[in-house]
Structures are given as C-alpha cells and as structure tokens.
Amino acid sequence: GQSLEQPSEVTAVEGAIVQINCTYQTSGFYGLSWYQQHDGGAPTFLSYNALDGLEETGRFSSFLSRSDSYGYLLLQELQMKDSASYFCAVRSYNQGGKLIFGQGTELSVKP
Amino acid sequence: DAGVTQSPTHLIKTRGQHVTLRCSPISGHKSVSWYQQVLGQGPQFIFQYYEKEERGRGNFPDRFSARQFPNYSSELNVNALLLGDSALYLCASSLVERDSGANVLTFGAGSRLTVL
C-alpha cells in the first residue's frame, strides 16, 4: 500500500524556524507536494518537489530525498498566521490525478 | 475570478437519508475531484472526473456516487447515510486530468456534513 507519515503536532515560537517531516512508503510517484489548511478550510498548495533537493518559495522551503523516502517542509521566520495544518501528499504512477495525503501536522505558533 | 465553490457549506442529516453536494470548478478547469476529510485526518480521495467521465475512484462503498456536467460542475451523492459519513467533503479542480508535474489542486472550502 501507500502511506505517508507526519508528526501529529509541532509547536514553535514566532520568528523561529520549524521543520515538518514526511516519510512515505509508496512505489513510483511523480513528486511530493505540501498543502496548508487553516481551521478546516480549503487546503491550499504550498510547494512541490519533483526531484531530490531543496525548493524555496519565500519563507517556505521543501526538500525531497527519494533514496531515503523522506521529505520535509521548512518554515522560516514563523508568523502567527502560519498556525495551521500541513499535509504532505504524493501522486503515484498509474493513479491518474489522485493525491494521497498524509495525516497532517498541526503547527501551533506561540508569541 | 471565482475560486472553487461548494454548496451547501454546512448540513445536518439523519442516518439513512441521502445527500447531494455540489461543486463549481474554476473557470477553464475540466477536472474535478472529491475528497473526504474526517476530523484530524488528511483528505481521502473519493472520485475524479474529467470531461464528464469518471477517471478514478477511491476505496468508498457504492453508496457514494458522482457525476460531472457539461459545464464541468459536479455533484457528489451519498445514499443511506451512516454516522461515519460525517466529515468535510472537499471538491478540488485542476486544469488537466493528469500530468507529470505537480498537478496542483485548487480546493473549495468544503461542505461539512453531520450525520445524526
């Protein structure tokens, strides 16, 4: 089967850096995506790694290592508004447009 | 430009009833997917439609069905509701059915279904 594992909760203080890890067990996938969801609202796309390495988008960066079946989302200069749930997701070969999501990590940013 | 719109936003049903949820994709998007999100978990894939044809189905019982209309809007139907069907139902649209890239999904705010 296919599964993605993330920590359920992470807490950090404003201005700090936090890393949310995602380990996966899936054979053959196009890449690793990250989505953000505030308070059960609409998940919004953050980042995508097709290849191994680091992708940077402003304060957010994402990393993928296929050999280690591992990726992470790095959030820098944390702001209170970054408090949300973060999901990693993969789209496997032969699965069309279906995204498989992890269970999500709830990030709490404290003052 | 309007994003993905879903209706109703909230609804309460009792066991055994039927529900219809509606979704309008972003203009120009031909692919619509449905996901179920139970509290505290990630979204789970239910269906994908592209050009009015079913392109994928998740591990859900036959009580769940969907369709896509010529204007690319979509309906998700759930029959014989169970308590366990209580969840946030998310609709997502994308430009294409599949590609080798990120296949970025744009989600609606969801329909929160409570089954009593």
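Bear in mind that the values here come from a model prediction, so they are computed numbers and not experimental data.

Draft legend 1. Inspection of the sheet that holds strand 1 (residues 3–5) of chain A at higher detail. All names here are of chain A. Taking strand neighbours across the sheet as the criterion, the five strands line up as 1-3-8-7-6 in an open arrangement whose pairing is antiparallel. Looking at the sheet topology across the chains shown, the edges are occupied by strand 1 and strand 6 (53–57). On average, adjacent strands in this sheet sit at an angle of 20° to one another, irrespective of strand direction. Inspection of the sheet shows strand 6 paired to strand 7 (residues 60–65) by five bridges, in the antiparallel sense. Each bridged residue has a counterpart across the sheet, and for G53 the counterpart in strand 7 is L64.

Draft legend 2. Molecular detail of the state of the cysteines. Residue and element names in this part refer to chain B. Scanning the model with the defined rule gives two disulfides over all chains in all. For C23, the disulfide goes to C91, at an S-S distance of 1.8 Å. Negative torsions about the S-S bond denote left-handed disulfides, and the value of about -65° found for C23 with C91 makes this one left-handed. Within this pair, whereas C23 is found in strand 3 (residues 19–24), its partner C91 is found in strand 9 (residues 87–94), the two being separated by 68 residues in sequence. Overall, the relative accessible area of 0% leaves C91 in the buried class.

Draft legend 3. Summary view of the pairing of strand 11 (residues 111–115) of chain B. All names here are of chain B. In strand 11, alternate side chains face the same way, and those of S111, L113 and V115 are buried while those of R112 and T114 on the opposite face are not. Where strand 2 (residues 10–13) meets strand 11, four bridges bridge the pair, whose relative direction is parallel. Pairing of H10 across the sheet is with R112, part of strand 11. With three bridges connecting them, strand 9 and strand 11 associate as antiparallel partners. What sits directly across from Y89, in strand 11, is S111.

Draft legend 4. Main features of the packing of aromatic side chains. Taken as a whole, this structure holds 14 aromatic pairs over all chains when the rule is applied. Three or more aromatic residues joined by ring pairs form one cluster here, namely Y35(A), F45(A), F87(A), F101(A), Y35(B), F45(B) and F107(B). The cationic tip of R66(A) hangs over the ring face of F29(A); the distance from NZ or CZ to the ring centre is 4.4 Å.

Draft legend 5. How the structure looks around the environment of Q37(B). By the element assignment, Q37(B) lies in strand 4 (residues 31–37). It is 20 Å that separates the C-alpha atoms of Q37(B) and G3(B), two residues lying 34 residues apart in sequence. Here Q37(B) is in contact with Q37(A), F87(A), G42(B), P43(B), A87(B), L88(B) and L90(B), once residues within four sequence places are set aside. At 2.8 Å, the side chain of Q37(B) and the side chain of Q37(A) are in polar contact. A polar contact of 3.0 Å, which involves the side chain of Q37(B), links it to the backbone oxygen of Q41(B).

Draft legend 6. Looking closely at the interface of chain B and chain A. Across the contact, 23 residues belong to chain B and 19 residues belong to chain A. Here chain B is connected to chain A by three residue pairs in polar contact (both at pLDDT 80 or more). Taken together, the elements giving at least two residues each to the side of chain B that touches chain A come down to strand 4, strand 5 (44–50) and strand 9 of chain B. A breakdown of the residues in the side of chain B that touches chain A according to their chemical character gives 10 nonpolar, nine polar and four charged.

Draft legend 7. The side chain of D85(B), seen in detail. Residue and element names in this part refer to chain B. By secondary structure assignment, the location of D85 is in the loop between strand 8 (74–78) and strand 9. Looking at D85, the relative accessible area reads 5%, which means it is buried. If near-sequence neighbours (up to four positions away) are discounted, D85 is found in contact with Q36, R63, F64, V78, A80, L113 and V115.

What counts and what doesn't
Residues numbered from 1 in each chain as written. Chains lettered and ligands numbered in written order. Predicted model: local features only at pLDDT ≥ 70, side-chain atom pairs only at ≥ 80, totals over all residues. Heavy atoms only, no water. Pairing = 2+ DSSP bridges. Helix = DSSP H or I, 4+ residues; strand = E, 2+ residues; numbered from the N terminus. Axes fitted to C-alpha atoms, helices over the stretch in contact; angles between N-to-C directions. Disulfide = S-S within 2.5 Å. Buried < 20%, exposed > 50% of the residue type's maximum accessible area, 1.4 Å probe, protein only. Phe/Tyr/Trp six-rings, centres within 6.5 Å; stacked < 30°, edge-to-face > 60°. Lys NZ or Arg CZ within 6 Å of the ring centre and 35° of its normal. Contact = heavy atoms within 4.5 Å. Polar contact = N/O pair within 3.5 Å; in protein donor to acceptor, adjacent residues only side chain to side chain. Nonpolar A, V, L, I, M, F, W, Y, C, P; charged D, E, K, R; others polar.

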